[in-house]
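Below, each chain spelled out in residue letters.
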Amino acid sequence: MKKNLSEYDLDKVKSGKGLRIALIVSEWNKNITDRLYNGAIKTLLKHEVNVSDIKKINVPGSFELVYGARLAQKQKFNVIIVIGSIIKGETDHFDFISQSISNSIAMLNTNDFPPVIFCVLTDNNINQSINRSGGEYGNKGVEAAITALRMAELDS
Ligand code: DLZ
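My aim in this report is to walk through the structure given alongside it, one point at a time. All of these numbers come straight from a predicted model, not from anything done at the bench. (Residues numbered from 1 in each chain as written. Predicted model: local features only at pLDDT ≥ 70, side-chain atom pairs only at ≥ 80, totals over all residues. Heavy atoms only, no water.)

**Focus on the environment of Val-142**
Threshold: The helix and strand labels rest on DSSP assignments: H or I over at least four residues marks a helix, E over at least two residues marks a strand, and numbering proceeds from the N terminus.
Position of Val-142 relative to the elements: it lies in helix α5 (residues 140–154). Along the chain, Val-142 and Leu-36 lie 106 residues apart, while their C-alpha atoms are 7.4 Å from each other.

Structure, rendered in structure tokens:
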């Protein structure tokens with residue numbers, strides 16, 4: 001049986017009222033990143049984050065998420081979510097981009113504030129991406145939003 005990884009205990013997540021959150025969203029594979037973004041936004045609003053406290057910053061591809069997150073770290077946000085979708089092609093590009101982004105985002109979390117939450121799908125094919133962005137395996141955008149709320153709570 002396929003497990004929906006986005007199920008969580010509503011009562012255990014505190015209100016996000018007053019939190020300022022940036023979402024950096026890659027336009028590459030936009031059909032997938034839109035689904036992730038929508039999952040994240042719905043979850044943040046459900047947990048009382050004010051719509052005026054949420055900022056969306058678009059970047060061309062997942063590789064540019066790192067720079068977008070770095071810029072957002074210099075502004076007044078409590079937490080940042082990066083959203084991307086990398087789908088394996090026939091070249092090594094997939095591995096270079098995926099590795100480089102995850103390492104760089106880890107560095108941003110090591111070296112600076114606020115926390116950057118990683119919502120980048122790395123899939124073998126489009127079906128996997130659909131299943132993880134509101135399909136059979138849930139929506140990674142929802143998980144990222146919950147993680148963001150929990151990480152912001154650590155700092156309060
Ligand atoms: C070039 C490229 C390729 C081949 N595949 C993807 C992908 O699957 N997902 C993604 O987010 N971006 C891809 N890109 C674009 C790079 O992330 C980046 O935008 C360009 O290399 C320019 O720096």
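**Remarks on the side chain of Ser-26**
Definition in use: Whenever a nitrogen or oxygen atom comes within 3.5 Å of another N or O atom, the pair is scored as a polar contact, on the condition that within protein one atom can donate a hydrogen and the other can accept it, and that pairs from neighbouring residues in sequence are kept only if both atoms are in side chains. In what follows, a contact means two residues having at least one pair of non-hydrogen atoms within 4.5 Å.
Following the sequence through the fold, Ser-26 ends up in strand β1 (residues 21–26). A distance of 3.2 Å separates a polar side-chain atom of Ser-26 from the backbone nitrogen of Trp-28. When neighbours within four sequence positions are excluded, Ser-26 is seen to be in contact with Thr-33, Val-59, Pro-60, Gly-61, Ser-62, Leu-65, Ile-83 and Gly-84.

**Things to note about the site of the ligand**
To keep it simple, the criterion reads: A molecule or strand has a residue near it when one of that residue's heavy atoms lies within 4 Å. Residue polarity follows a fixed list, in which Ala, Val, Leu, Ile, Met, Phe, Trp, Tyr, Cys and Pro are nonpolar, Asp, Glu, Lys and Arg are charged, and the others, Gly among them, are polar.
Around the ligand lies a shell formed by Ser-26, Trp-28, Asn-29, Gly-61, Ser-62, Phe-63, Glu-64, Ser-85, Ile-86, Ile-87, His-93 and Ile-97. Between the ligand and the protein, one listed contact pairs an oxygen atom with a backbone N or O atom of Phe-63 at 3.1 Å. One of the side-chain N or O atoms of Glu-64 is found 2.5 Å from an oxygen atom in the ligand. Every element with two or more residues in the shell around the ligand is listed here: β3 (79–87) and α3 (93–111). Classifying every residue of the shell around the ligand by side-chain character gives five nonpolar, six polar and one charged.

**Quick look at the packing of aromatic side chains**
Inclusion rule: Aromatic rings from Phe, Tyr and Trp, taking only the six-membered ring of Trp, are treated as a pair when their centres fall within 6.5 Å; an angle between ring planes under 30 degrees marks them as stacked, one over 60 as edge-to-face, and anything in between as tilted. Remark: a charge is flagged as sitting over a ring if the NZ atom of Lys or the CZ atom of Arg is within 6 Å of the ring centre and within 35 degrees of the ring normal.
Taken as a whole and judged by the stated rule, the model has zero aromatic pairs. The aromatic ring of Phe-77 is capped on one face by Arg-20, whose charged end is 4.9 Å from the ring centroid.

**Things to note about the sheet that holds strand β2 (residues 54–59)**
Note the following rule: Note on pairing: DSSP must find at least two bridges between two strands before they are called paired. To obtain an axis, a line is fitted to C-alpha atoms, over the contacting stretch when the element is a helix, and the angle between two such axes runs from 0 to 180 degrees between their N-to-C directions.
Taken in spatial order, the four strands make up an open sheet running β2-β1-β3-β4, and their pairing is parallel. Across the chains shown, the open sheet's two edge strands, defined by having one partner strand only, are β2 and β4 (116–123). Across the sheet, the mean angle separating the axes of adjacent strands is 15 degrees when strand polarity is ignored. As paired strands, β1 and β2 are joined by six bridges and run parallel to one another. Paired with Ile-24 across the bridge in β2 is Ile-57. Against the sheet, α3 touches β3 and β4, its axis set at about 170 degrees to β4.

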